Amino acid sequence: MSELGIEPAAIPSDALEGGVPETNFSLFAAFRVSSSHPVVLDGRDVPGIVRELEDVSREIDDEGVLVRGWYDVSGVRSDSDVLVWLQGVAPEDLQWSLRQLRRTALVQPLIRSWSALGVVVDAPDGDDAPKQWLSVSGATERPTFADAPNAVSIQAAAACGLGDAEWIVTHEADELAWIVDHLRDAGGTADSSSAHGPTLAGRLIDPAEMVEVLQ
């Protein structure tokens with residue numbers, strides 16, 4: 001247990017060499033289209049630009065960092081269009097991976113509007129595959145998940161001292177309405193915790209879909 005009194009969620013031991021569990025981290029970064037430098041792509045450039053982002057994602061995966069997903073968050077807030085969620089065991093690798101993604105032709109013109117890093121403390125058991133919709137928000141208190149429906153997967157990451165929020169809380173579901181219903185029943189915020197920082201929600205997309213979202 002850490003000095004903060006929390007027990008980080010560990011990656012399953014059978015997924016690691018040597019069988020020793022390690023702490024897992026989550027990093028989120030939201031981007032918006034620049035009004036002065038919009039993303040303008042010639043149709044002939046699209047395949048190569050998409051392939052570059054896919055290649056970089058594979059490169060950072062080889063270094064132990066998972067691109068859990070890109071999300072279309074346009075229309076939810078005025079300052080964000082896409083969100084990326086990275087996971088890994090070393091925070092410096094997550095930072096390096098974010099820089100690698102930012103250098104790609106598709107992401108480079110974008111302006112980063114928000115980012116957060118935290119130690120994963122509570123994570124869903126069983127199937128951890130990304131779902132079709134994601135909500136991520138900051139909170140000042142550790143959330144409780146006792147009343148969460150099975151259709152909604154919730155993760156909490158401790159960000160104490162790492163940013164504006166003390167906790168980063170994610171909700172995933174295959175229908176956005178399921179997340180909305182759960183948050184409404186919980187009091188309108190991340191499981192009745194005090195909201196702190198932006199709340200973003202978006203649909204899971206692939207790199208090819210990002211082209212349409214950003215233009």
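Remember, predicted model here, so these are calculated numbers, not experimental data.

Enquirer: Explain the packing of aromatic side chains to me, please; I cannot follow it from the model alone.
Expert: For any pair of aromatic rings, geometry is given as the distance between the ring centres together with the angle between the planes. Scanning all chains against the criterion turns up 1 aromatic pair. Taking the centre distance of 5.0 Å and the plane angle of 35° together, the rings of F28 and W85 count as tilted. Of this pair, F28 sits in strand 1 (residues 25-32) while W85 is found in strand 3 (residues 82-88), placing the two residues 57 residues apart along the sequence. Each member of the pair, F28 as well as W85, is classed as buried. A cation over a ring is seen here: R68 above W85, with NZ or CZ 4.8 Å from the ring centre.

Enquirer: Explanation requested: a negative patch on the surface in the structure shown.
Expert: Together, E59, D61, D62 and E63 make up a region of like negative charge exposed at the surface. Assessed through its relative accessible area of 34%, E59 is described here as partly exposed.

Enquirer: Which parts of the structure should I look at to understand the nonpolar core?
Expert: Across soluble globular proteins, nonpolar side chains show a tendency to be buried alongside one another. Counting residues in each nonpolar core, the largest one holds 30 residues, and the members touching the most others are F31, W70, V84, L86, L101 and L106. Among the elements of the structure, strand 1, helix 1 (46-62), strand 2 (66-72), strand 3, helix 2 (91-102), strand 4 (111-122) and helix 4 (207-213) are those that each provide at least two residues to this core. When residues of this core are assigned to their parent elements, the largest contribution, 5 residues, is made by helix 1. If near-sequence neighbours (up to four positions away) are discounted, L101 is found in contact with L53, V56, S57, I60, W70, V84, L86 and V107. Residues A116, L134, V136 and I168 belong to the second largest nonpolar core, which totals 14 residues.

Enquirer: Is there a simple way to explain the pattern of salt bridges in this structure?
Expert: Side chains that differ in charge, positive against negative, can pair when their charged atoms come close. Taken as a whole and assessed by the stated rule, the structure comprises 9 salt bridges. The partner of D72 in a salt bridge is R203, with the nearest N and O atoms 3.7 Å apart. Of this pair, D72 sits in strand 2 while R203 sits in strand 8 (residues 195-205), placing them 131 residues apart in sequence. You can call R203 partly exposed: its relative accessible area is 27%. Put simply, R184 and D181 hold a salt bridge, and the shortest N to O gap is 3.0 Å. Here R184 pairs with D181, and both are found in helix 3 (residues 176-185), just 3 residues apart, close to one helical turn.

Enquirer: Would you mind showing me how to read the pairing of strand 6 (residues 153-158) here?
Expert: Here is the key point about a regular strand: its side chains alternate between the two faces of the sheet. The element strand 6 is extensively covered by neighbouring structure, given that 6 of its 6 residues are classed as buried. Burial along strand 6 is two-sided: the residues S153, Q155 and A157 and I154, A156 and A158 are all buried. Bridge count for strand 4 against strand 6 is 3 bridges, and the pairing is antiparallel. From the neighbouring strand, D122 faces strand 6, where its bridge partner is A156. With 6 bridges connecting them, strand 6 and strand 7 (residues 167-173) associate as antiparallel partners. Counted as the bridge partner of A156 is V169 from strand 7.

Enquirer: When you look at the side chain of S135 in this model, what are you seeing that I'm missing?
Expert: Along the polypeptide, S135 turns up in strand 5 (residues 133-139). Judged by its relative accessible area of 5%, S135 is buried. Beyond its immediate stretch of four places on either side in the chain, S135 contacts V169, T170, H171, I179, L183, T199, L200 and A201.

Enquirer: Can you walk me through the environment of D55 in this structure?
Expert: Mapping D55 onto the fold places it in helix 1. Considered as a pair, D55 and T104 are 49 residues apart in the sequence and their alpha carbons are 10.0 Å apart.

Enquirer: Which parts of the structure should I look at to understand the environment of N24?
Expert: As for its placement among the helices and strands, N24 is situated in the segment before strand 1. A distance of 3.4 Å separates a polar atom in the side chain of N24 from the backbone nitrogen of G88.

Enquirer: How do you make sense of helix 3 when you look at a structure like this?
Expert: Given 3.6 residues per helical turn, the α-helix brings residues three or four places apart onto the same face. Taken together, the buried positions of helix 3 are occupied by I179, H182 and L183. The arc enclosing the buried residues of helix 3, seen along the axis, measures out at 95°, which places them on a common side. Of the exposed residues in helix 3, those oriented more than 90 degrees away from the buried face are R184 and D185. Tucked inside the fold, the buried residues of helix 3 contact strand 5, strand 6 and strand 7.

Rules used in this analysis
Residues numbered from 1 in each chain as written. Predicted model: local features only at pLDDT ≥ 70, side-chain atom pairs only at ≥ 80, totals over all residues. Heavy atoms only, no water. Phe/Tyr/Trp six-rings, centres within 6.5 Å; stacked < 30°, edge-to-face > 60°. Helix = DSSP H or I, 4+ residues; strand = E, 2+ residues; numbered from the N terminus. Buried < 20%, exposed > 50% of the residue type's maximum accessible area, 1.4 Å probe, protein only. Lys NZ or Arg CZ within 6 Å of the ring centre and 35° of its normal. Patch = residues over 30% accessible without salt bridge, like charges linked within 9 Å, V, L, I, M, F, W, Y side chains within 5 Å. Areas by Shrake-Rupley, 256 points an atom, 1.4 Å probe, with all protein chains shown as cover. Salt bridge = Lys/Arg side-chain N within 4 Å of Asp/Glu carboxyl O. Lys, Arg positive; Asp, Glu negative; His and termini not counted. Charge placed at Lys NZ, Arg CZ, Asp CG, Glu CD. Core = buried A, V, L, I, M, F, W, Y, C linked by side-chain atoms within 4.5 Å. Contact = heavy atoms within 4.5 Å. Pairing = 2+ DSSP bridges. Polar contact = N/O pair within 3.5 Å; in protein donor to acceptor, adjacent residues only side chain to side chain. Arc of directions from axis to C-beta.

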